[in-house]
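Each chain, letter by letter, is given below.
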Amino acid sequence: MADKVKSGKEILDDFFNDIEEIENVDKDIAKMLSELYQNDKLTDTNVKNELQKLRDGNKD
């Protein structure tokens with residue numbers, strides 16, 4: 001019964017710290033999401049803008 005229960009913030013911190021290591025996850029998208037989360041900028045608009053930048057960068 002000495003197990004510590006993680007808070008929601010701790011769970012999210014762990015998830016976004018490890019997101020790039022999840023199997024079959026696009027590394028660029030995972031890195032972008034992690035950076036937005038760490039900078040407290042994980043919003044719908046910011047995610048859409050960053051995804052567009054990734055798409056535009058891949059048009060080569």
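Structure first, text after, so check above.
Summarised in this report is the structure supplied together with it. Every chain's residues receive numbers from 1 upward, in the order its sequence appears when written. Reporting in this predicted model follows two pLDDT cut-offs: at least 70 for local features of residues, and 80 or more for side-chain atom pairs to be given and counted; totals over whole chains, interfaces and linings ignore these cut-offs and use all residues. Side-chain metrics in this entry use all non-hydrogen atoms of the structure; hydrogen atoms and water are not considered.

What to know about the overall build of the protein chain
Selection rule: What counts as a helix is a DSSP run of H or I of at least four residues, what counts as a strand is a run of E of at least two, and both are numbered from the N terminus. Radius of gyration here is computed from C-alpha atoms only, and the compact-globule reference equals 2.2 Å multiplied by the residue count raised to the power 0.38. Throughout this description, buried means an accessible area under 20% of the type-specific maximum (1.4 Å probe, protein chains only), exposed means over 50%, and partly exposed covers the range between.
Across its full length, the protein chain holds three helices and zero strands. Over its C-alpha trace the protein chain gives a radius of gyration of 14 Å, far above what one expects of a compact globule, namely 10 Å for 60 residues. Each principal axis of the C-alpha atoms in the protein chain carries an extent, and together these give about 55 × 25 × 15 Å. Classification of the 60 residues of the protein chain by burial places 15% in the buried group.

As for the packing of helix α1 (residues 8-18) against helix α2 (residues 27-38)
Our working definition: Angles here are taken between N-to-C directions and fall from 0 to 180 degrees, while the axes themselves are lines fitted to C-alpha atoms, restricted in helices to the stretch in contact. What makes a crossing left-handed is the near helix being turned counterclockwise from the far one by less than a right angle; a clockwise turn instead makes it right-handed. Whether two residues are in contact is decided by their heavy atoms: any pair within 4.5 Å suffices. Residues are grouped as follows: nonpolar covers Ala, Val, Leu, Ile, Met, Phe, Trp, Tyr, Cys and Pro; charged covers Asp, Glu, Lys and Arg; every other residue, Gly included, is treated as polar.
Packing of α1 against α2 brings their axes to within 9 Å, and their N-to-C directions diverge by 145°. In this structure, α1 crosses over α2, and the sense of that crossing is left-handed. Counting all contacts with α1, which are made through Lys9, Leu12, Asp13, Phe16 and Asn17, the residues of α2 involved are Leu33, Ser34, Tyr37 and Gln38. Here the contact of α1 with α2 is built from residues that sort into four nonpolar, three polar and two charged.

Examining the pattern of salt bridges
Our working rule: We define a salt bridge as a contact between a side-chain nitrogen of Lys or Arg and a carboxyl oxygen of Asp or Glu at a distance within 4 Å.
Across all of its chains, the model carries five salt bridges by this definition. With a closest N to O distance of 3.1 Å, Lys9 and Asp13 form a salt bridge. With Lys9 and Asp13 both in helix α1 and four residues apart, the pair spans about one turn of that helix. Overall, Asp13 belongs to the partly exposed group, its relative accessible area being 24%.

Some thoughts on the environment of Val47
Topologically, Val47 is positioned in helix α3 (residues 44-57). For Val47 and Asp18, which are 29 residues apart along the polypeptide, the C-alpha to C-alpha distance reads 18 Å. Residues contacting Val47, with those up to four places away along its chain left out, are Met32, Leu33, Leu36 and Leu42.

Brief notes about the side chain of Ser34
Secondary-structure assignment places Ser34 in helix α2. Among all residues touching Ser34, those that are not within four sequence positions of it are Phe16 and Ile19.

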